[in-house]
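The chain contents come next:
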Amino acid sequence: MKVRNLGMAGGAIILLLPFLLLGYTGISVSNSYTDNLYFIGEIEKAGNKTNVSPFLSYSGFLDFDYSGDATIIDFDEEDIFIGNRVGIQKRFNLPGLGSRNYLYLNGYNFIPLKYENYGLNEIYGGDSLSFYIGNFLLGVGIGAGYVDFSSDSVEDYFKPEITADLSIPMPYFYFVPGAGAGLMIYEDDRLPYYNFSLSLDFPLTGDFTMSFGGNYSRLSEPGNDYPISDSLLLDPFFENEGITRSVDLDLSVNKTFVEQKAYLSLYLTLFEKDFFEVSNIRRNDSGFFAGLRYTKIINNNTSFFVSFSSEINNSTIEDLNYTKNSIGGGIRLIF
């Protein structure tokens, strides 16, 4: 089981704006079929993944958001996974249009019903401030998180960090460089990391936007023992804990069809990743992920969507060379 956060849009922001302002509850039910469930080249088992995802959002003195996800693979009770994500936020509007301060606290837990060692709990909080300097919008933030793994083969860690980005208006687009740095603090190791990002945001019209960007991140390697056992570094669930360097190039295009009450999202990611060395073997991966999602608003309470995605991963570890194609759809209800 591999966990990904695709960041896909759940529907047309313009069309659902009244609900976003007033708060809402709802549920999303979806099913997808893929030709490679486990992201491994030699197995490439095809199958279905079914998701039931309740959600809740409330705006008041404090803003509150909850999203849950129950996943079952091939309707097999051995492959049931439950995730819960909660966010609490307080927003302060500062003098000047667009100047704001956010205090936030987020929590997440992941519970595989059978594979208990794959569970984790995460909590993250911080403060994010954005304000104008002339025509430039500067964002700075500080935060800290703690991740607790159920498996004794992975060390828990504390992660403080600082971030900054600057939005610079240009003819026809916004130029947004950013940077961040922090520490991964394990029981016996303190591993510094840093990242740089750059995006070009094109708000072409009120219903058509495009964004192009890139990210580079680097994590120092431990001097002695790894904070994760060698065997788990090749486990798809834990692979994000073993990445020492990553490079991404991203393109996204979003189009809202106001009269048809529909929304289309296209996205493409090119990636390259280096991992901790395992038994004198250095793993390097590269490839791409592409997808399309179409959402149709039926009425104020109901929408449906269809999605397509494709991924190719090239790795120096032969078993981890794979392709993965998926097609899916679902319905979203707002109460």
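This is a predicted model, so every value here is computed, not measured.

Asker: Describe the overall build of the protein, listing the residues and the values that go with them.
Answerer: Helix and strand content of the protein: 1 helix and 16 strands. Taken over C-alpha atoms, the radius of gyration comes to 21 Å for the protein, in line with the 20 Å a tight globule of 335 residues would show. Projected onto its principal axes, the C-alpha positions of the protein cover 55 × 45 × 35 Å. When the 335 residues of the protein are sorted by exposure, 37% land in the buried category. Excluding contacts between residues fewer than 6 apart, the proportion of contacts in the protein whose partners are at least 24 apart in sequence is 53%. With the model as given, the accessible surface of the protein reaches about 18,000 Å², and the carbon-plus-sulfur share is 60%. Distance between charge centroids for the protein: 10 Å, based on 22 positive and 41 negative side chains.

Asker: Account for the environment of Phe 276, naming residues and giving values.
Answerer: Note that Phe 276 resides in the loop between strand S13 (262-275) and strand S14 (284-297). The exposure class of Phe 276 is buried, given its relative accessible area of 1%. Separated by 10 residues in the primary sequence, Phe 276 and Ser 286 have C-alpha atoms spaced 15 Å apart. Sequence-distant contacts of Phe 276, defined by excluding residues within four places in its chain, comprise Leu 219, Ser 220, Glu 221, Pro 222, Tyr 226, Leu 233, Glu 241, Gly 242, Thr 244, Ile 281 and Arg 282.

Asker: Please set out the nonpolar core residue by residue, giving values where relevant.
Answerer: Core analysis: the largest hydrophobic core is formed by 23 residues, its most contacted members being Phe 149, Met 184 and Phe 238. Of all the elements in the fold, those that place two or more residues in this core are strand S5 (100-112), strand S7 (136-149) and strand S10 (190-205). Once you skip the residues sitting within four places of it in the chain, Phe 238 turns out to touch Asn 117, Tyr 118, Phe 149, Ser 151, Val 154, Ile 228 and Leu 232.

Asker: Account for the pattern of salt bridges, with residues named and values stated.
Answerer: Inspection of the entire model under this criterion finds 8 salt bridges. A salt bridge links Glu 239 to Lys 273, with the nearest nitrogen and oxygen atoms 3.6 Å apart. Residue Glu 239 is located in the loop between strand S11 (208-219) and strand S12 (243-257), and its partner Lys 273 is located in strand S13; the two are separated by 34 residues in the primary sequence. Accessibility classification places Glu 239 together with Lys 273 in one group, the buried group. Of the charged contacts, one joins Asp 274 and Arg 245 as a salt bridge, the two residues approaching to 2.6 Å between their closest N and O atoms. One end of the pair, Asp 274, is in strand S13; the other, Arg 245, is in strand S12, with 29 residues separating them in the sequence. Summarising the burial analysis for this pair, Asp 274 and Arg 245 share the class buried.

Asker: Can you explain the packing of aromatic side chains? Please cite residues and give values.
Answerer: Each aromatic ring pair is described using two quantities: the centre-to-centre distance and the angle formed by the ring planes. Enumeration according to the criterion identifies 11 aromatic pairs in this entry. Look at Tyr 24 and Phe 55: their rings are 5.8 Å apart centre to centre, the planes differ by 70°, and that puts the pair in the edge-to-face class. A residue pair is termed long-range when its members are at least 10 positions apart, and Tyr 24 in strand S1 (residues 24-34) and Phe 55 in strand S2 (residues 47-58) qualify at 31 residues. The class for Tyr 24 is buried, based on a relative accessible area of 15%. By relative accessible area, which is 11% here, Phe 55 ends up buried. Judged by centre distance (6.2 Å) and plane angle (50°), the rings of Phe 149 and Tyr 157 are tilted. For the pair formed by Phe 149 and Tyr 157, the shared burial category is buried. An aromatic cluster is built from Tyr 118, Phe 149, Tyr 157, Tyr 186 and Phe 238, whose rings are joined through pairwise contacts. Sitting over the face of the ring of Phe 271, Lys 273 holds its NZ or CZ atom 5.0 Å from the ring centroid. For Arg 283, the ring lying beneath its charged end belongs to Phe 275, and the centroid distance is 3.9 Å.

Asker: Would you mind going over unusual backbone geometry in detail, with residue names and values included?
Answerer: Note: most residues except glycine have negative phi, and most peptide bonds are trans. In the Ramachandran plot, Asp 74 falls in the positive-phi region, its phi being about 55° despite a non-glycine side chain. For Phe 75, which is not glycine, the phi dihedral falls at a positive 55°. Along the chain, the position of Phe 75 falls in the loop between strand S3 (63-73) and strand S4 (80-93). Owing to a relative accessible area of 60%, Phe 75 belongs among the exposed residues under this scheme.

Asker: I'd love a proper account of the pairing of S14, names of residues and values included.
Answerer: Residues Asp 285, Gly 287, Phe 289, Gly 291, Arg 293, Thr 295 and Ile 297 of S14 are buried on one face, while the alternating residues Asn 284, Ser 286, Phe 288, Ala 290, Leu 292, Tyr 294 and Lys 296, pointing to the opposite face, are not. Two strands pair when backbone bridges link them, and S13 and S14 are joined in this way by 13 bridges, in the antiparallel orientation. Bridging from a neighbouring strand, Leu 264 pairs with Tyr 294 of S14. Pairing of S14 with strand S15 (residues 302-315), which is carried by 13 bridges, proceeds in the antiparallel orientation. Considered in S15, the bridge of Tyr 294 is made with Val 306. The hairpin turn running from S14 into S15, its antiparallel successor, is 4 residues long.

Asker: Mind laying out a nonpolar patch on the surface, listing which residues take part and the relevant values?
Answerer: A surface patch of nonpolar side chains, amounting to about 710 Å² of accessible area, comprises Val 29, Tyr 33, Val 52, Ile 298, Phe 304, Val 306, Phe 308, Ile 327 and Ile 331. Mapped by element, the contributors of at least two residues to the nonpolar patch are S1, S15 and strand S16 (322-334). With 3 residues, S15 is the largest single contributor of residues to the nonpolar patch. With respect to the helices and strands, the residue Val 29 is situated in strand S1. Overall, Val 29 belongs to the partly exposed group, its relative accessible area being 37%.

Reading the values: rules and limits
Residues numbered from 1 in each chain as written. Predicted model: local features only at pLDDT ≥ 70, side-chain atom pairs only at ≥ 80, totals over all residues. Heavy atoms only, no water. Helix = DSSP H or I, 4+ residues; strand = E, 2+ residues; numbered from the N terminus. Rg over C-alpha atoms; globule rule 2.2 N^0.38 Å. Buried < 20%, exposed > 50% of the residue type's maximum accessible area, 1.4 Å probe, protein only. Contact = heavy atoms within 4.5 Å. Areas by Shrake-Rupley, 256 points an atom, 1.4 Å probe, with all protein chains shown as cover. Lys, Arg positive; Asp, Glu negative; His and termini not counted. Charge placed at Lys NZ, Arg CZ, Asp CG, Glu CD. Core = buried A, V, L, I, M, F, W, Y, C linked by side-chain atoms within 4.5 Å. Salt bridge = Lys/Arg side-chain N within 4 Å of Asp/Glu carboxyl O. Phe/Tyr/Trp six-rings, centres within 6.5 Å; stacked < 30°, edge-to-face > 60°. Lys NZ or Arg CZ within 6 Å of the ring centre and 35° of its normal. Pairing = 2+ DSSP bridges. Patch = residues over 30% accessible without salt bridge, like charges linked within 9 Å, V, L, I, M, F, W, Y side chains within 5 Å.

This is a description of form; function is not addressed.
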